[in-house]
Amino acid sequence: MSKRSSSRRDGAPDSSRRNFLKGATIAGAAALGTPAAANTAISGFPEQRRKAALPGPRLAAADASPPPADPVNQSSSGGDFMVDVLKTLDIDYLAMNCASSFRGLHEAVINHGDNKKPEIITCPHEEIAVHMGQGYAKIEGKPLAMICHGVVGLQHASMAMYNAWCDRVPVIVMGGNIMEADKRAPGAEWPHSAIDPAALTRDFVKWDDQPASLQHFAESALRAYKISTTPPMAPVMLSLDQELQENPIENRDRLRIPKFTPATAPQGDDAALAQLAKMLVAAENPVILCDRMARTPAGMPRLVELAETLQCAVIDNYGRMNFPSRHPLNQSFRRSILSQADLIVAMEVNDIWGSLSDFHDRIVRSSEPRYKKTAKIVALGTRGLYMKANYQDLGRYQDVDLDIAGDAEASLPVLIEQVKRGIDEGRKAVFEARGKKLAAAKLATVEQAKLDATIGWDASPITTARLCAELYSQIKDEDWSLVGTSIGLSWPHRLWNFTKPYQWNGLAGGGGVGYTLPASLGAALANKRHGRLTVAIGGDGDFMFVPSTLWTAAHHQIPLLYIVHNNRAYHQEYMYLQAMAARHGRGITNADIGTTLKDPFVDYATVAKGFGVYGEGPISDPNALAPALKRAIAMVKSGQPALLDVVMDQR
Amino acid sequence: MAMMRTSVKHLAVVAAIAGAFTLGNAVASRAEDAPAGDPVNGKRLYLADGCFECHGRAGQGGRFNYLTPALAQIALPVESFIAFLREAPNDMPSFSADVLSDKDAADIHAYLSSLPGRRDAKDIPPILNQ
Ligand SMILES: Cc1ncc(C[n+]2csc(CCOP(=O)(O)OP(=O)(O)O)c2C)c(N)n1
Ligand SMILES: [Mg+2]
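If you're wondering where the values come from, they're calculated on a predicted model, not measured in any experiment.

### Focus: the overall build of chain A
When helices and strands are counted, chain A shows 25 helices and 18 strands. For chain A, buried positions account for 55% of its 651 residues. Accessible area of chain A: about 27,500 Å², with a carbon and sulfur share of 54%. Chain A carries 70 positive and 69 negative side-chain charges, and their two centres are separated by 0 Å.

### Remarks on the overall build of chain B
From N to C terminus, chain B includes six helices and two strands. Starting at the N terminus and ending at the C terminus, chain B contains elements arranged as α-α-α-β-β-α-α-α. Expressed as a percentage of the 130 residues in chain B, the buried residues total 45%. The long-range share in chain B, meaning contacts at least 24 apart out of those at least 6 apart in sequence, stands at 67%.

### Some thoughts on the interface of chain A and chain B
Each partner contributes residues to the interface: chain A has 48 residues there, and chain B has 42 residues. Area buried by chain A at its contact with chain B is led by Arg362, Ile455 and Ile588 of chain A, which between them contribute 17% of it. Summed over the shared surface of chain A and chain B, the number is three salt bridges. Two residues, Arg118 of chain B and Asp452 of chain A, come together in a salt bridge whose shortest N-O distance is 2.6 Å. Run the count over chain A and chain B and you get 16 residue pairs in polar contact (both at pLDDT 80 or more). Sorting the residues of the side of chain A that touches chain B by element identifies β10 (357–360), β11 (366–369), α17 (425–452), α18 (464–475), α19 (491–495) and α23 (571–584) of chain A as the ones contributing at least two each. Per-element accounting of the side of chain A that touches chain B gives the leading share, eight residues, to α23 of chain A. For the side of chain A that touches chain B, a count of residues per class yields 19 nonpolar, 16 polar and 13 charged.

### Points about the sheet that holds strand β7 (residues 286–290) of chain A
All names here are of chain A. Reading across the sheet, the five strands line up as β8-β7-β9-β12-β13 and stay open at both edges, with parallel pairing between neighbours. For this open sheet the edge positions go to β8 (313–316) and β13 (402–405), each flanked by a neighbour on one side alone. Put simply, the sheet's adjacent strands are angled 15 degrees from each other on average, direction ignored. As paired elements, strand β12 (residues 376–381) and β13 share four bridges and run parallel to each other. Across the sheet, Val378 pairs through a bridge with Leu402, a residue of β13.

### So, the packing of helix α13 (residues 270–282) of chain A against helix α16 (residues 408–422) of chain A
Residues and elements named next belong to chain A. In the contact formed by α13 and α16, the axes pass within 8 Å of each other and the chain directions differ by 50 degrees. Taken together, the axes of α13 and α16 lie oblique to each other. At the point where α13 passes α16, the crossing takes the right-handed sense. Only Ser411, Val414, Leu415, Gln418, Val419 and Gly422 of α16 make contact with α13, whose side of the interface consists of Asp270, Leu273, Ala274, Leu276, Ala277, Leu280 and Val281. Class assignment of the residues belonging to the contact of α13 with α16 gives a composition of nine nonpolar, three polar and one charged.

### What to know about a nonpolar patch on the surface
Residue and element names in this part refer to chain A. Side chains of Ile487, Val513, Met544, Phe545 and Tyr570 sit close together on the surface and give an oily, nonpolar patch of about 440 Å² of accessible area. Of note, Met544 is situated in helix α21 (residues 540–545). Classification of Met544 by relative accessible area gives partly exposed; the value is 35%.

### Digging into the environment of Gln130 of chain B
Checked against the element boundaries, Gln130 of chain B lands in the segment after α6 (125–128). Contact partners of Gln130 of chain B, with chain neighbours within four places excluded, come to Arg326, Lys450, Cys468, Ala469, Tyr472, Ser473, Leu495 and Trp496 of chain A. Of note is the side chain of Gln130 of chain B, whose polar atom sits 2.9 Å from the backbone oxygen of Ala469 of chain A.

### A look at the coordination of the magnesium ion (ligand 2)
Residue and element names in this part refer to chain A. Within the protein, the atoms that donate to the magnesium ion (ligand 2) are Asp540 (OD), Asn567 (OD1) and Ala569 (O), at distances of 2.0 to 2.1 Å. Read from N- to C-terminus, the donor residues coordinating the magnesium ion (ligand 2) fall into the pattern D-x26-N-x1-A. Comparing Asn567 with Ala569, the two get one shared label, buried.

### Thoughts on helix α4 (residues 78–86) of chain B
Inspection of α4 of chain B places Val78, Phe81, Ile82, Phe84 and Leu85 of chain B among the buried residues, and these make up the whole buried set. One side of α4 of chain B holds all its buried residues, which, seen down the axis, span an arc of 160 degrees.

### Some points on the sheet that holds strand β18 (residues 642–647) of chain A
Residues and elements named next belong to chain A. One open sheet holds the five strands; their spatial order is β14-β15-β16-β18-β17, and the pairing between them is parallel. The two strands at the open ends of the sheet, each matched to only one other strand, are β14 (480–482) and β17 (614–619). Direction aside, the axes of adjacent strands within the sheet are offset by 15 degrees on average. Running at roughly 165 degrees to β17, helix α25 (residues 622–637) makes contact with β15 (533–539), β16 (561–566), β17 and β18 of the sheet.

### Re the domain arrangement of chain A
The extent of an interface is frequently quoted as the accessible surface area lost upon association of the parts. Residues and elements named next belong to chain A. Taken domain by domain, chain A consists of domain 1 (78–254), domain 2 (270–447) and domain 3 (455–647). The partner domain 3 presents 18 residues to the 14 residues of domain 2 that form the contact. Buried surface at the junction of domain 2 and domain 3, both sides included, amounts to about 1,400 Å², of which 58% is carbon and sulfur. For the domain 2 face of the interface with domain 3, the top three residues by lost area are Tyr318, Met321 and Phe333, together amounting to 37%.

### Some points on the site of ligand 1
Residues and elements named next belong to chain A. By nearness alone, 17 residues border ligand 1, and Asp540, Gly541, Ala569, His571 and Arg651 come closest of all. Gly511 has a polar backbone atom sitting 2.9 Å from a nitrogen atom of ligand 1. Measuring from a nitrogen atom of ligand 1, one finds a backbone N or O atom of Val513 at 3.1 Å. Protein coverage of the free-state accessible area of ligand 1, which is 580 Å², stands at 78%. Mapped by element, the contributors of at least two residues to the shell around ligand 1 are α21 and α23. Among the elements that take part in the shell around ligand 1, α21 stands out by supplying four residues, more than any other.

### Describing the environment of Cys290 of chain A
With respect to the secondary-structure elements, Cys290 of chain A resides in strand β7. Those residues in contact with Cys290 of chain A, other than ones at most four positions away along the chain, are Leu303, Val314, Ile315, Asp316, Asn317, Tyr318, Asn322, Met347 and Val349 of chain A.

### Structural notes on the packing of aromatic side chains
Residue and element names in this part refer to chain A. Applying the stated criterion to the full structure yields 16 aromatic pairs over all chains. With centroids separated by 5.5 Å and ring planes inclined at 75 degrees, the aromatic side chains of Phe204 and Tyr391 adopt a geometry described as edge-to-face. With Phe204 in the loop between β4 (172–177) and β5 (207–209) and Tyr391 in the loop between β12 and β13, this pair connects stretches of sequence that are 187 residues apart. For Tyr391, a relative accessible area of 35% corresponds to the partly exposed category. Pairing Trp480 with Trp496 gives two aromatic rings, centres 5.4 Å apart and planes at 90 degrees, and the pair type is edge-to-face. Here the residue Trp480 occupies a position in strand β14, and Trp496 occupies one in the loop between α19 and α20 (516–528), the gap between them amounting to 16 residues. Judged by its relative accessible area of 1%, Trp480 falls in the buried class. Three or more aromatic residues joined by ring pairs make a cluster, and in this case those are Tyr472, Trp480, Trp496 and Phe498. Its end group placed over the ring of Trp165, Arg168 keeps NZ or CZ at 6.0 Å from the ring centre.

Procedures and definitions
Residues numbered from 1 in each chain as written. Chains lettered and ligands numbered in written order. Predicted model: local features only at pLDDT ≥ 70, side-chain atom pairs only at ≥ 80, totals over all residues. Heavy atoms only, no water. Helix = DSSP H or I, 4+ residues; strand = E, 2+ residues; numbered from the N terminus. Buried < 20%, exposed > 50% of the residue type's maximum accessible area, 1.4 Å probe, protein only. Areas by Shrake-Rupley, 256 points an atom, 1.4 Å probe, with all protein chains shown as cover. Lys, Arg positive; Asp, Glu negative; His and termini not counted. Charge placed at Lys NZ, Arg CZ, Asp CG, Glu CD. Contact = heavy atoms within 4.5 Å. Buried area = accessible area lost by both parts, 1.4 Å probe. Salt bridge = Lys/Arg side-chain N within 4 Å of Asp/Glu carboxyl O. Polar contact = N/O pair within 3.5 Å; in protein donor to acceptor, adjacent residues only side chain to side chain. Nonpolar A, V, L, I, M, F, W, Y, C, P; charged D, E, K, R; others polar. Pairing = 2+ DSSP bridges. Axes fitted to C-alpha atoms, helices over the stretch in contact; angles between N-to-C directions. Parallel < 35°, antiparallel > 145°, perpendicular 65-115°, else oblique. Left-handed = near helix turned anticlockwise from the far one by under 90°. Patch = residues over 30% accessible without salt bridge, like charges linked within 9 Å, V, L, I, M, F, W, Y side chains within 5 Å. Donors = N, O, S within 2.8 Å, 3.2 Å for Na, K, Ca; no water. Arc of directions from axis to C-beta. Domains from an automatic or database assignment. Near = heavy atom within 4 Å. Phe/Tyr/Trp six-rings, centres within 6.5 Å; stacked < 30°, edge-to-face > 60°. Lys NZ or Arg CZ within 6 Å of the ring centre and 35° of its normal.

Right under this line is the structure:
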């Protein structure tokens, strides 16, 4: 007798149960405990069964054979073994929204694995779980795992997987599924099963599998982890059969967890790097352009060493914490220098063409290069090592003079060594003079930024410059980490002094809105164990996609100061719509329709409180900002999340 | 191709005017005989017609597809400002006289001229803390 039928017996009798009991006497004792019989009872079929024809020879034979085994206990499960495998991968967290298709693994994680490595992070939406993984990996330098309901949960997870894919970030995505059709229960298990669940996301994961046995799972889990974390990094997807998770293991001794060895990052060809070193030493105005360059804490110091050796300009696209913001050679807000460059080296830049072209978003779209015709262009990165055809996150084809396939961070030591070898005293003097000029220009840029930040200082809505200046003023002596910004917000990088690898972790990657809040929380989860003060500034539109992220913050007590850049609009789109109306010479006062968040305004602080998070706002008075920041920072330093709703100007 | 070349040249000319937006600390000279605009109506239009979307309510600038210029204490003379609006360069939308009359544009110009612009950072401790 199964647990299901016995618990039914404990319940209050009802008419269907009476039918069930009547039918049971005829259907025979063996059928009594099966869930199928229980289902039949509910629909009242037993009455009809009595009228059924007498059993034929086959049925009679089946009746004569012993009833199938129906144990009520098990002492092992595939899920337990899966947890053992995950533990060898040192995965700290399993972000998830619970679902029956992985109830076997879920139970094994909490009871067999003691809810440690991985520890479950409960997420109200699968997009939140994956985005948390994206933000987490960029701070912690390793992936977390997420698991979802194979079909419907994966559909929710997919946009975040796309962001992570475009952002070259590893996330171990798993989903439950029931492979064998004859094992699926009627009802939800059918629409929640697929013959190939991963097909949905195959265009934006690096690899996927649906293991057919536990040994297969062990090997595929290790393979998935390795593929995901080898540059170019990307999410991977494993579909886990429900029966495989739940069923007892016949012989545990025959299962083997293979040895995990991470693959080294691919380094650029030595000869090509030597050639690049020569070009760098000989160039009069070399510029290094970087985007997702720093992969580990070693990345930034390496780039600093190269740039300082050459005393050359660095322009950062801010995909990662690549280069200190105040470094005299950081010329990120002087992109016009590209027009003077005789050598441009793009390191881990996805869209080199976009960075090197002025594009005009006009009725007839046009563009021209930002660099002079004689400039040499070199690409160094892993972008070309793994490509897929459908989604177009690649940018236009860029002419280059030397294309070095290899991980930039891994290639830098060889490049630096070659550069140092090639420098003589004459070049050294030239470099020093060049560095002095760049340093002076940098100083002027920072002073100009400070001056620009004073415009509208007392305005309400509060300027974004004021918010950023006030925030930095209060955190600069803490061990801070900025892990999210609203669209186009450049003030932190113009004003703040970023020096540590974890002080910035880049952007969404694929531009899918709904990234900033959950990815910031994932980054805060990583920062928590290091005792860092995590802050983020995110759009109100972004927040509206994934507000329940705040519940996860409260539930898991993840300290994060989250400032809602409340411009009461999907402002990026508001500007585009304004441009469309102006093109037509009509309705330039109508562009707020469908682009703004008003009537009613959203009260984000109240929303936060509803999820159990400290919230203050809306703050419109610029003089109220500093005290509110102080209170919220105190809350975060005590280990709690806090939200400030700041009514700010658009950009 | 020929058309492409002219349009690029045209852009370059207008971009040169755009350069005049960039504010130094010196206030550039204004046309002597500029029509006196109404800054109060100018503010209303600046908000209603969407100028603030890219250039900020305080004329502090912002960001569209690239950083957009601050307009507080605008240096561009009013005639050039109006001409600029009619055929704007780069990604700036052009505003025809059908939706924005010369008078309205002059009012917006007057409003931008009335905005205080940059301040001395020494009065502002959070700025000094950067
Ligand atoms: C999933 C998704 N939906 C819609 C968009 C289009 N989109 C781009 S920016 C933007 C506005 C986002 O609003 P908010 O986060 O408040 O930023 P704001 O532009 O107001 O600063 C939208 C809707 C998108 N990129 N991704
Ligand atoms: Mg917004």
